[in-house]
Every structure is written in C-alpha cells, then in structure tokens.
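This is what each chain is made of:
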Amino acid sequence: MTQPPVGPTFRSGVAETANESETEAAGEALGRELRPGDVVLLYGDLGAGKTAFVRGIARGIGANPDDVSSPTFTIVQEYAGPSATLYHVDLYRLEPADIDDLGLEDLVSGEGIVAIEWAERWKGRPDDVTEVWIKDLGEDSRAITIERPR
Ligand code: ADP
Ligand code: MG
C-alpha cells in the first residue's frame, strides 16, 4: 500500500490499497491519531471499503474491531476503547427525515469518536472534521483520500 502519512502534522493525502487488510491498516493509522470528540465522515460507493476502514479505526483507538460490520438493525453501533468510545453510524438505508431524527448533532458534539458512512446523506454534517473518500479502482484496488481538519 502507499500509506498516507497520517500523523500529527498530516493534513491530506491519498493512499492506494491492494486488499481489505491494507484498507483496515489505513484506518488504523488514522484511528491512532483520533481523540475524544473527533468526527470522521466517510464517502464512497457500496462495497468501496468504508466499513473495512472503520474496522481499522476501531483497532487504532484500541477497541475490539472483530464485530465492526455493516450496521443492520442498529443504526449507531458502539465500540468501547480505553480512552474513547467509537460510534459507528451508517446512513445508507435511511430517509432524510429519519436522519434528521437520529440526534447526530448531539453525537458529534459529544466526547465519543464518531465515524459516519454515507455521510453525504446528512445535510447538516459539520465540515471542520476528518473526511475520507474511498474509490474502487477496479479489482481489489482502492484509492483512499483523507483530509484532516485544520
Ligand atoms: P462499504 O462499507 O464501503 O460498503 P465494505 O467495507 O463493507 O464496503 O466492503 C468492502 C468489500 O470490498 C469487502 O468485500 C472487501 O473484501 C472488498 N475489498 C476488496 N479490495 C478491497 C480493498 N482494497 N479495501 C477494502 N475492501 C476491499
Ligand atoms: Mg459499509
């Protein structure tokens, strides 16, 4: 993988991954930099690798990544880490009115780390947060663009 130089001074960059575990590793690198209250918005088509990336974030913050999967009936899933809880949100199946009712404003202004898949569906999403775009380049290649807030 071409690794994004995720670190304290990192602002934006693109990585290319060749398989799912490399995408998880990119998420883990970001997860190590995240602090309580941080928000990560994820964009990309179905099957791009957003959930795989969030699994890496869970590992990076020291939470158990094993059960990070696509939320089915639970829209917000919680994974406790040693210094912060990860809230994993997937807006894929939701209508705009349902998204407005989720209370996401409160969630992102709280002390958890929040990762939101299909973030573009939330019209009220904040913009001074970490954003991740994952693009399928064909076969198992993915381009992962990460932008950290200033
Ligand atoms: P999303 O959450 O964006 O819908 P998932 O993470 O659930 O996507 O699934 C990604 C799928 O693509 C998995 O089946 C995974 O094995 C496959 N895949 C193939 N190559 C990659 C890659 N480089 N990174 C992430 N996933 C990959
Ligand atoms: Mg997903």
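Let me sum up the structure you'll find in this document. Because the structure is a prediction, the values reported are computed rather than measured. (Residues numbered from 1 in each chain as written. Chains lettered and ligands numbered in written order. Predicted model: local features only at pLDDT ≥ 70, side-chain atom pairs only at ≥ 80, totals over all residues. Heavy atoms only, no water.)

## Let's talk about helix 2 (residues 50-60)
An α-helical segment advances 3.6 residues per turn. Residues three or four places apart therefore align on the same side. Burial analysis of helix 2 places ten of its eleven residues in the buried class, which makes it a mostly covered element. For helix 2, every residue scored as buried is listed here: Lys-50, Thr-51, Ala-52, Phe-53, Val-54, Arg-55, Gly-56, Ile-57, Ala-58 and Gly-60. Looking at the packing, one finds that the buried side of helix 2 touches helix 1 (20-33), strand 2 (39-43), strand 4 (85-90), strand 5 (113-117), strand 6 (130-138) and strand 7 (141-147). (Buried < 20%, exposed > 50% of the residue type's maximum accessible area, 1.4 Å probe, protein only. Helix = DSSP H or I, 4+ residues; strand = E, 2+ residues; numbered from the N terminus. Contact = heavy atoms within 4.5 Å.)

## So, the layout of surface pockets
Looking at the largest pocket, its volume works out to about 280 Å³. Along its surface, the largest pocket is lined by 18 residues, and Gly-47, Ala-48, Gly-49, Lys-50 and Ala-52 are the ones closest to its centre. When contributions to the lining of the largest pocket are tallied by element, the ones reaching two or more residues are helix 1 and helix 2. With four residues, the single largest contributor to the lining of the largest pocket is helix 2. (1 Å grid on protein atoms, 1.4 Å probe; cavity = no way out; pocket = protein on both sides within 12 Å on 5 of 7 lines; lining within 4 Å. Points joined across faces, edges and corners; volume = space filled by probe spheres on them.)

## Some details on the sheet that holds strand 3 (residues 76-80)
If you trace the seven strands from one edge of the open sheet to the other, you get 1-7-6-2-5-4-3, paired in mixed fashion. Bordering the open sheet on either side are strand 1 (12-17) and strand 3, each of which pairs with just one other strand. Geometrically, the sheet is characterised by an average inter-axis angle of 20 degrees between neighbouring strands, direction not taken into account. With seven bridges joining them, strand 6 and strand 7 adopt antiparallel strand pairing. Each bridged residue has a counterpart across the sheet, and for Lys-135 the counterpart in strand 7 is Ala-143. (Pairing = 2+ DSSP bridges. Axes fitted to C-alpha atoms, helices over the stretch in contact; angles between N-to-C directions.)

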